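Below are the chains, spelled out letter by letter.
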Amino acid sequence: MKPIGIVFIIVNLLLAGAFLGYMSHALDTNTNWKTEFEKKDQELKDEMEKAAAEAAKLRADKNEVTANRDALREERDRLQSDRDNLQGLLEAANRENTELNSQVAGINSTLDDFRRDIETAQRAKDEAEDARVAAERERDDAKDAASSAQLAQRDAEDAQRKLEQQLADTELALAEKGSNLDQLQVKFDTLVEMTGVNLEDILAQPLINALIVDVSHDVKPGLVVLNVGSKNSQIKRGMTMQIYKNGTYKGEVRIDNVDETMCSALIVRDKGIAQGDSATTRL
């Protein structure tokens, strides 16, 4: 083979190697570009989706704002209408108030006239009433004078009859008192004889205070026990003691049996005698 042929072959090989290197580099560059393009395309898509979502949200917000604006406008229009209605009512009320004030002023003027007429009529009535009362008083004085004379006569007759009746009643009462006194004297003499007590001791009872410590109604007319006896007081059989509590009179008892420190007594008059009541020989 000729040298020139070899040179061409070598040149072709070199060109082929260079072309292969270029193509390999171009292929790598194309692959990197495609990857970068896909990445950028995906980022663009993501940004577009994000922008679409934000646009949808903005549209929703816009729609909501628009709805709120329309509602506020409706509310404003309604309030404006209400205000206009109220303003009309207020003006009508003011007109009615003005008319009423005018009517009230006229009524007050009429009432003042009525008051003056009533006062005049009342004065005339009072004067007529005073005249009538004076005439009736004079008539009554005349009647009273005649009635007083008649009453004085009747009073004198009634007083005489009352005195005669009181005298008769007094005589009857004295007769009854005398009979009761005789009966009491007989009973008292019988009591003294049966009990054997000394009459002078009963009539001259010393001041003795005691306390009821027990009450029994098993034995008629009833029995009480007092906290005084012959050793600590001058209590004696036959003495009477009056029973009371807090200023209220509750009855009377008569001493029946006397020990050194205690005594028992029969209930003579019972108005609710109870344990703890006070007793004394002198009220």
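Attention in this report is confined to the structure presented alongside it.

What counts and how
Residues numbered from 1 in each chain as written. Predicted model: local features only at pLDDT ≥ 70, side-chain atom pairs only at ≥ 80, totals over all residues. Heavy atoms only, no water. Helix = DSSP H or I, 4+ residues; strand = E, 2+ residues; numbered from the N terminus. Buried < 20%, exposed > 50% of the residue type's maximum accessible area, 1.4 Å probe, protein only. Contact = heavy atoms within 4.5 Å. Areas by Shrake-Rupley, 256 points an atom, 1.4 Å probe, with all protein chains shown as cover. Salt bridge = Lys/Arg side-chain N within 4 Å of Asp/Glu carboxyl O. Patch = residues over 30% accessible without salt bridge, like charges linked within 9 Å, V, L, I, M, F, W, Y side chains within 5 Å. Lys, Arg positive; Asp, Glu negative; His and termini not counted. Charge placed at Lys NZ, Arg CZ, Asp CG, Glu CD. Pairing = 2+ DSSP bridges. Axes fitted to C-alpha atoms, helices over the stretch in contact; angles between N-to-C directions. Core = buried A, V, L, I, M, F, W, Y, C linked by side-chain atoms within 4.5 Å. Polar contact = N/O pair within 3.5 Å; in protein donor to acceptor, adjacent residues only side chain to side chain.

## Digging into the overall build of the protein chain
- Helices and strands together make up the secondary structure of the protein chain, namely two helices and six strands.
- Element order for the protein chain, N to C, with α for helix and β for strand: α-α-β-β-β-β-β-β.
- Going through the 283 residues of the protein chain one by one, you find that 12% of them count as buried.
- A sequence separation of at least 24 residues applies to 55% of the contacts in the protein chain between residues at least 6 apart.
- Working note: accessible area of the protein chain is about 22,100 Å², and carbon and sulfur atoms make up 57% of it.

## Considerations on the pattern of salt bridges
- On inspection of all chains with the given rule, the structure shows 14 salt bridges.
- A salt bridge links Arg 132 to Glu 129, with the nearest nitrogen and oxygen atoms 2.1 Å apart. Of the two residues, Arg 132 and Glu 129 both sit in helix α1 (residues 3–195), three residues apart, roughly one turn of that helix.
- A residue is classified by how much of its surface remains accessible, and Arg 132, at 36% relative accessible area, is partly exposed.

## Looking at a negative patch on the surface
- Together, Glu 36, Glu 43, Asp 46, Glu 47, Glu 49 and Glu 54 make up a negatively charged patch on the protein surface.
- The residue Asp 46 is located in helix α1 in this model.

## Here we look at the sheet that holds strand β6 (residues 278–280)
- Spatially, the six strands close up into a barrel ordered β1-β2-β5-β4-β3-β6, and their pairing is antiparallel. Ignoring strand direction, the axes of neighbouring strands in this sheet form an average angle of 45 degrees.

## Here we look at unusual backbone geometry
- Omega for the bond connecting Lys 220 with Pro 221 falls within 30 degrees of zero, at 5 degrees, which places this linkage in the cis form.
- Within the secondary structure, Pro 221 is located in the loop between β1 (209–216) and β2 (223–226).

## Quick word on a nonpolar patch on the surface
- Taken together, Ile 4, Val 7, Phe 8, Val 11 and Leu 15 make up a surface patch of nonpolar side chains, about 460 Å² in accessible area.
- Take Ile 4: it is sitting in helix α1.

## Some points on the nonpolar core
- In terms of nonpolar packing, the biggest core is built from 17 residues, with Val 224, Leu 226, Ile 235, Met 241, Val 253, Ile 255 and Ile 273 touching the most fellow members.
- Sorting the residues of this core by element identifies β1, β2, β3 (240–245), β4 (248–258) and β5 (263–270) as the ones contributing at least two each.

## Concerning the pairing of β5
- Bridging between β2 and β5 involves four bridges; their strand directions are antiparallel. Following the sheet pairing, Val 224 is matched in β5 by Ala 265.
- Direction of pairing for β4 relative to β5: antiparallel, over a ladder of seven bridges. Each bridged residue has a counterpart across the sheet, and for Val 253 the counterpart in β5 is Ile 267.
- Counted between consecutive antiparallel strands, the loop separating β4 from β5 contains four residues.

## So, the side chain of Gln 205
- Turning to its location among the elements, Gln 205 is positioned in the loop between α2 (199–203) and β1.
- Engagement of the side chain of Gln 205 in a polar contact is seen with the backbone nitrogen of Thr 240, the distance being 2.7 Å.
- Sequence-distant contacts of Gln 205, that is, excluding residues within four places in its chain, are made with Met 239, Thr 240, Thr 281 and Arg 282.

## Things to note about the pairing of β4
- With six bridges connecting them, β3 and β4 associate as antiparallel partners. Bridge pairing in β4 links Met 241 to Val 253.
- In this antiparallel pair of consecutive strands, β3 and β4, the connection spans two residues, and Asn 246 shows a positive phi of 55 degrees.

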